[in-house]
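Structural features, examined
So the chains spell out like this:
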Amino acid sequence: MNIYETCPTLESEKFIIRLFKDDDCDDLLKVYSDKNALPFFNSDNCNGDNFYYSTKERMTDVLGFWHMSYENGWFVRLSIVDKATTGVIGTVELCLRVSDDEFNNMGILRVDVRSDYEEENILYDIFLLITPKLDEMLGCKGVLTKAPIYAVERIKAIPKVGFTKSEHMLIGKTGYAYDGYWTIK
């Protein structure tokens, strides 16, 4: 499967993870204007973007960039829908890393959720839904995700899915070394 040709929809009892839509804009604005969620967004190696978008106009521009990135095969953004509320409560970003470090040919998994969803059980459900499908979707040899030391709920959730703390730093495009990565192979 090539995720850039056919993007799957994943579903569990609580969540649906599917390709984002322009109609998600208002819900995504609630996610990306949430200052309490901002510290948990992984913006490593993203050209200075911290993923804080406080206006609908800015969120609309970002959706346009996400469309272009998907069409060019750079990365894919998926919306996380809470089935209980039918609202979008966050996103998953996926891409394949090509690098000269320990993480070459690994999938990058970024999970951004509103701060009221940054809880161990919720994060576990989301990571459990997406992680087993990543090798099939990205053709990768493993997956890495970031959980900084202060992301205590994330750090409780991801080992339950099978992630282990990496001893290695992720080396960015500019040579900067990023810490806090967890991997699963």
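Residues numbered from 1 in each chain as written. Predicted model: local features only at pLDDT ≥ 70, side-chain atom pairs only at ≥ 80, totals over all residues. Heavy atoms only, no water.

1. With respect to the environment of Val-88
Position of Val-88 relative to the elements: it lies in strand E4 (residues 87-96). Between the alpha carbons of Val-88 and Ala-177 there is a distance of 32 Å; along the sequence they are 89 residues apart. (Helix = DSSP H or I, 4+ residues; strand = E, 2+ residues; numbered from the N terminus.)

2. Some details on the pairing of strand E10 (residues 181-184)
Two faces, one strand: in a regular strand the side chains alternate between the faces of the sheet. In E10, alternate side chains face the same way, and those of Tyr-181 and Thr-183 on one face and Trp-182 and Ile-184 on the other are all buried. Across 4 bridges, the pairing between strand E6 (residues 143-146) and E10 is antiparallel. Counterpart to Val-143 in the pairing with E10 is Ile-184. Alignment of strand E7 (residues 164-165) against E10, held across 2 bridges, turns out to be antiparallel. By the bridge assignment for E10, Thr-164 is matched with Thr-183. (Buried < 20%, exposed > 50% of the residue type's maximum accessible area, 1.4 Å probe, protein only. Pairing = 2+ DSSP bridges.)

3. Some words on the environment of Ser-166
With respect to the element layout, Ser-166 can be found in the loop between E7 and strand E8 (170-171). In this structure, the C-alpha to C-alpha distance between Ser-166 and Tyr-181, residues 15 residues apart in sequence, is 5.7 Å. Every residue in contact with Ser-166, bar those within four places of it in the chain, is listed here: Phe-103, Tyr-181, Trp-182 and Thr-183. Separated by 3.0 Å, the side chain of Ser-166 and the backbone nitrogen of His-168 make a polar contact. (Contact = heavy atoms within 4.5 Å. Polar contact = N/O pair within 3.5 Å; in protein donor to acceptor, adjacent residues only side chain to side chain.)

4. Considerations on the nonpolar core
Leu-94, Leu-109 and Ile-130 are the most contacted members of the largest nonpolar core, which has 34 residues in total. Listing elements by their share of this core, those giving two or more residues are strand E2 (15-19), strand E3 (76-82), E4, strand E5 (107-113), helix H3 (120-130), helix H4 (134-138), helix H5 (152-161) and E10. Per element, the largest residue contribution to this core is 6 residues, and it comes from H3. (Core = buried A, V, L, I, M, F, W, Y, C linked by side-chain atoms within 4.5 Å.)

5. Remarks on the sheet that holds E10
An order of E1-E2-E3-E4-E5-E6-E10-E7 is seen for the 8 strands of this open sheet, with the pairing classed as mixed. If you trace the sheet from one side to the other, it starts and ends with strand E1 (10-11) and E7, each paired once. Summarising the sheet, E4 and E5 pair through 7 bridges and their orientation is antiparallel. When the bridges of E5 are listed, Cys-95 appears paired with Ile-108. Strands in contact with helix H1 (residues 25-32) are E3, E4 and E5; relative to E4, the strand with the most contacts, it is inclined by about 80°. (Axes fitted to C-alpha atoms, helices over the stretch in contact; angles between N-to-C directions.)

6. Focus: the state of the cysteines
Tallied over the entire structure, the rule returns 0 disulfides. Cysteine Cys-25 shares no disulfide, and the gap to the nearest cysteine sulfur, in Cys-7, comes to 19 Å. (Disulfide = S-S within 2.5 Å.)

7. Focus on the pairing of E5
Of all 7 residues in E5, 7 are buried; the element is thus mostly enclosed. Of the two faces of E5, the one carrying Gly-107, Leu-109, Val-111 and Val-113 and the one carrying Ile-108, Arg-110 and Asp-112 are both buried. Looking at chain direction, E5 and E6 are connected through 2 bridges and run parallel. Bridging across to E6, Ile-108 finds its partner in Leu-144.

8. What to know about the pattern of salt bridges
Evaluated as defined, the whole model comprises 15 salt bridges. Residue Glu-93 pairs with Arg-77 through a salt bridge whose shortest N-O separation is 2.8 Å. One end of the pair, Glu-93, is in strand E4; the other, Arg-77, is in strand E3, with 16 residues separating them in the sequence. The burial state of Glu-93 is the same as that of Arg-77; both residues are buried. In this structure, the salt-bridge partner of Asp-116 is Arg-114, at a minimum N-O distance of 2.8 Å. On the accessibility criterion, Asp-116 (41% relative accessible area) is partly exposed. Accessibility expressed as a relative area gives 18% for Arg-114, which makes it buried. Within this structure, Arg-77, Glu-93, Arg-110 and Asp-112 form a network of salt bridges that share partners. (Salt bridge = Lys/Arg side-chain N within 4 Å of Asp/Glu carboxyl O.)

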